[in-house]
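# A look at the structure
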Amino acid sequence: MTAPKRIGKQTVAFANPPVIIGRATVVGPKEGKGPLKDYYDLIAEDPYFNADTWEKAEYKFFEKAVQLAVEKANLTMDDLNYFLAGDLTNQIISATFTARGVPVPYLGLYGACSTMYEGLALGAMLVDGGFADYVLAGVSSHYSTAERQFRFPTEQGVQRNLSSQWTVTGSAALVLAAQGQGPKVTHATVGKIVDLGVTDNTDMGAAMAPAAFDTIKQHLEDTGREPDYYDLIVTGDLARIGHRLVQALAEKQGLDLSKNYTDCGLLVYDPSQDVHAGGSGCACSGVVTAGFLLQEMEAGRYQRILGLGTGALHSPISSQQGESVPGIAHAVAIEL
Amino acid sequence: MIEPNELEHQIAIERKLYEQKEYQDLVKKIKPKVPVLRNIIGAFLVGGTICLIGQIILDGFIAWGLTARAAIGSTAAVMIFLGSLATGLGIYDNLAKFAGAGSIVPITGFANSIVAPALEFKSEGYVFGLSSKMFLVAGPVLTFGFIVSVIIGLIYYLIP
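Just so we're clear, the structure is a prediction, and the values are computed from it rather than from any experiment. (Residues numbered from 1 in each chain as written. Chains lettered and ligands numbered in written order. Predicted model: local features only at pLDDT ≥ 70, side-chain atom pairs only at ≥ 80, totals over all residues. Heavy atoms only, no water.)

### Focus on the overall build of chain A
Each helix and strand in chain A was counted, giving nine helices and 15 strands. Rg of the C-alpha trace for chain A: 18 Å, near the compact-globule value of 20 Å for 336 residues, within the 12% margin. In terms of principal-axis extent, the alpha carbons of chain A reach across some 55 × 50 × 35 Å. A separation threshold of at least 6 residues defines the contact pool for chain A, and within that pool the share at least 24 residues apart is 76%. Total accessible area on chain A stands at roughly 12,300 Å², and carbon and sulfur atoms take up 50% of it. (Helix = DSSP H or I, 4+ residues; strand = E, 2+ residues; numbered from the N terminus. Rg over C-alpha atoms; globule rule 2.2 N^0.38 Å. Contact = heavy atoms within 4.5 Å. Areas by Shrake-Rupley, 256 points an atom, 1.4 Å probe, with all protein chains shown as cover.)

Below, the structure is given as structure tokens:
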């Protein structure tokens with residue numbers, strides 16, 4: 001018995017590619033001053049977003065993105081069959097608290113910063129498998145909730161490492177449908193854990209780069225495509241160091257990723273915004289994909305994109321115990 | 001005598017270790033170098049300025065008629081207040097970005113390390129948030145400070 005939609009080792013090819021019929025992004029003020037500011041649906045003036053704690057603020061961003069995505073898809077919440085969501089906070093409270101207002105079956109996901117693409121891959125499988133007409137997938141992250149959970153209190157006077165990244169404050173939500181107008185999800189390559197022993201938890205790009213490269217390579221092998229089949233190959237949040245490492249790993253294996261490969265962590269901020277290596281967080285690949293990439297696809301500038309969500313699956317406790325940082329990357333091919 | 005299976009297993013482990021080392025060497029090559037000279041200059045300028053302010057306050061207290069002992073304690077209290085105030089106003093973390101050790105080592109940095117978590121964890125309440133998380137960063141400094149002072153005290157007592 002072989003599953004008819006599987007190709008190669010890790011890839012599934014959708015028979016009726018699910019369509020992204022709705023997408024929305026809500027970001028914080030710093031992201032709203034970044035190079036992609038014209039692509040977001042809503043820019044909050046204050047990272048507190050009228051809430052009294054950072055955690056509440058994060059799920060306010062999430063609730064808003066979900067509401068906008070469903071509206072833009074011309075649906076109501078009741079039309080949805082599943083809500084797939086995740087974020088970075090302990091026990092993914094932002095996603096779950098957002099799900100209180102989404103009265104449909106909910107599956108919480110944790111793939112660290114790869115969650116947007118984990119949700120997209122699973123959502124597409126649900127739709128193409130005939131288990132759902134409409135699936136909502138969403139993520140959020142917040143600089144201040146991530147900082148205090150993974151690193152230091154925000155007002156702590158520390159000099160950040162040059163390899164450190166800045167967690168994107170914001171949320172992104174996508175609506176997948178069996179039919180409709182819009183970019184289609186044609187393939188998904190679910191990644192496997194790759195851990196090359198990086199223990200520096202201020203250098204997430206280096207921890208995730210081997211996983212990202214592994215999934216890119218596997219996707220190309222499984223589909224028989226060359227890198228230049230895609231107008232753009234975009235990883236989630238490897239930022240400056242991870243991006244360069246992926247290129248170096250590719251070069252070693254004879255793959256040319258010098259022309260059409262970029263990273264959401266490089267696109268989301270301008271280097272002048274004092275973010276060191278670049279952006280990170282669930283919302284990094286989330287808002288760049290749902291904002292910039294899909295809008296450019298709808299405008300016809302890109303026809304075929306391979307997007308990857310990249311995640312560093314460590315916890316503050318595992319890092320303090322000296323464990324290395326396991327990396328993961330999920331790839332989704334989006335085509336017109 | 002090594003079993004053939006075990007040998008294969010060992011080869012696999014060795015290969016994995018080699019792969020890890022090879023990758024980590026690549027990371028080292030690509031990672032940006034820490035700008036040591038720039039950091040030293042930043043630390044010197046800001047750390048020096050903080051100490052200068054402390055010295056002016058100390059001299060002021062002495063000129064005002066305080067004994068040297070009282071003036072030292074009062075100066076520390078004023079510097080702690082200034083460090084806390086700058087943390088609350090959101091200035092200290094920005095200063096530290098430039099200053100590094102220059103703003104961590106003086107007593108103002110110690111104040112920052114207590115006030116910053118206190119502000120941050122206030123959202124979890126005054127008991128389990130603010131007051132218990134207040135020493136999140138400063139805790140180790142206090143613990144080792146106490147241990148060292150006990151050891152020094154013993155040495156001082158034993159060697160007259």
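More follows now that the structure is in view.
### Considerations on the nonpolar core
Residues and elements named next belong to chain A. Core analysis: the largest hydrophobic core is formed by 54 residues, its most contacted members being Val268, Val287, Val288, Phe292, Leu293 and Val332. Sort the elements by how many residues they give to this core and helix H8 (residues 282–298) lands first, with ten residues. Here Phe292 is in contact with Leu36, Tyr39, Leu267, Val287, Arg301 and Tyr302, once residues within four sequence places are set aside. Residues Ile216, Ile241, Tyr261 and Ala333 belong to the second largest nonpolar core, which totals 36 residues. (Core = buried A, V, L, I, M, F, W, Y, C linked by side-chain atoms within 4.5 Å. Buried < 20%, exposed > 50% of the residue type's maximum accessible area, 1.4 Å probe, protein only.)

### Focus on the domain arrangement of chain B
Reports often express the size of an interface as the amount of accessible area lost when the parts come together. Along its sequence, chain B is carved into domain 1 (1–31) and domain 2 (36–135). The centre of domain 1 of chain B, based on its C-alpha atoms, is set 47 Å off from the matching centre of domain 2 of chain B. (Domains from an automatic or database assignment.)

### What about the interface of chain B and chain A?
With 36 residues of chain B at the contact, the number on the chain A side is 29 residues. Run the count over chain B and chain A and you get six salt bridges. B:Lys97 is the salt-bridge partner of A:Asp274, the closest N and O atoms lying 3.0 Å from each other. Between the two partners, chain B and chain A, sit 15 residue pairs in polar contact (both at pLDDT 80 or more). Mapped onto the side of chain B that touches chain A, the elements with two or more residues apiece are helix H1 (4–30), helix H2 (36–63), helix H4 (92–99) and helix H6 (107–120) of chain B. The biggest single contributor to the side of chain B that touches chain A is H1(B), with nine residues. (Salt bridge = Lys/Arg side-chain N within 4 Å of Asp/Glu carboxyl O. Polar contact = N/O pair within 3.5 Å; in protein donor to acceptor, adjacent residues only side chain to side chain.)

### Observations concerning empty space enclosed by the protein
Residues and elements named next belong to chain A. Evaluation of the coordinates by the stated rule reveals one cavity of 30 Å³ or more. Of the volumes computed, that of the largest cavity is approximately 210 Å³. Looking at the largest cavity, it is lined by 18 residues, and the ones nearest its centre are Cys113, Arg151, Met204, Ser280 and His314. Each residue belonging to the lining of the largest cavity can be placed in one class, and the counts come to eight nonpolar, eight polar and two charged. (1 Å grid on protein atoms, 1.4 Å probe; cavity = no way out; pocket = protein on both sides within 12 Å on 5 of 7 lines; lining within 4 Å. Points joined across faces, edges and corners; volume = space filled by probe spheres on them. Nonpolar A, V, L, I, M, F, W, Y, C, P; charged D, E, K, R; others polar.)

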